[in-house]
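Observations on the model geometry
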Amino acid sequence: MFSKEESRRLKQEFWTSFGKSFPRKWILYNTKLKGFSFKFHFDNKTALVALDVEDDLEHRIKYWEKLLALQPILKDEFLPEAIYEEEYILENYKEISRIYVPLEQKVSIHNKDSWRDVMTFFNEKMNLFEAFFEEYKDIIEG
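Just so you know, these numbers come straight off a predicted model, no measurement behind them. (Residues numbered from 1 in each chain as written. Predicted model: local features only at pLDDT ≥ 70, side-chain atom pairs only at ≥ 80, totals over all residues. Heavy atoms only, no water.)

Here we come to the packing of helix H3 (residues 71-78) against helix H4 (residues 115-141). Interaxial distance between H3 and H4 falls to 11 Å at its minimum, and their mutual angle equals 135°. Relative to H4, the element H3 is oriented oblique. Here H3 and H4 pass one another in a crossing that is right-handed. Residue-level contacts link Ile73, Leu74, Glu77 and Phe78 of H3 to Leu128, Phe129, Ala131, Phe132, Glu135 and Tyr136 of H4. Within the contact of H3 with H4, the residues separate by chemical class into eight nonpolar, no polar and two charged. (Axes fitted to C-alpha atoms, helices over the stretch in contact; angles between N-to-C directions. Helix = DSSP H or I, 4+ residues; strand = E, 2+ residues; numbered from the N terminus. Parallel < 35°, antiparallel > 145°, perpendicular 65-115°, else oblique. Left-handed = near helix turned anticlockwise from the far one by under 90°. Contact = heavy atoms within 4.5 Å. Nonpolar A, V, L, I, M, F, W, Y, C, P; charged D, E, K, R; others polar.)

Here's what the structure looks like:
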């Protein structure tokens, strides 16, 4: 078991190491679309990359319908393992819509032996997510 301080330090060390290993500017919250963001997630059980839609219901529905229409393209040309969840509940019980790709192996942010695999996964999958977004942003936004 790790103390809160040890856990916080390990998380900080992971993200710093990730930034140094793959130094680039990720889109993340800078999509220019309200409530539309990319996320990295890594905890003591899972790692995933996600596209979250968490605006008011009207905008969520608008974006989600377009993302559903683009689903065959995303899965065929970019991320075949992408999972679509129209009603995804976050840990804080907030409901969002999410498209995500989980890392299928057991990993933990507390285990440095799994960090390289997670970093490589994050870099590869988020690059593909962002490439999809850049190519189809006008359709999603429209």
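This paragraph deals with the sheet that holds strand E3 (residues 83-89). In spatial order, the strands read E1-E2-E4-E3; together these four strands make up an open sheet with antiparallel pairing. The open sheet has two edge strands with one neighbour each: strand E1 (36-42) and E3. Averaged over all neighbouring strand pairs, the angle between strand axes comes to 30°, with direction disregarded. With five bridges joining them, E3 and strand E4 (residues 95-102) adopt antiparallel strand pairing. Note that in E4 the partner of Tyr84 across the bridge is Ile99. (Pairing = 2+ DSSP bridges.)

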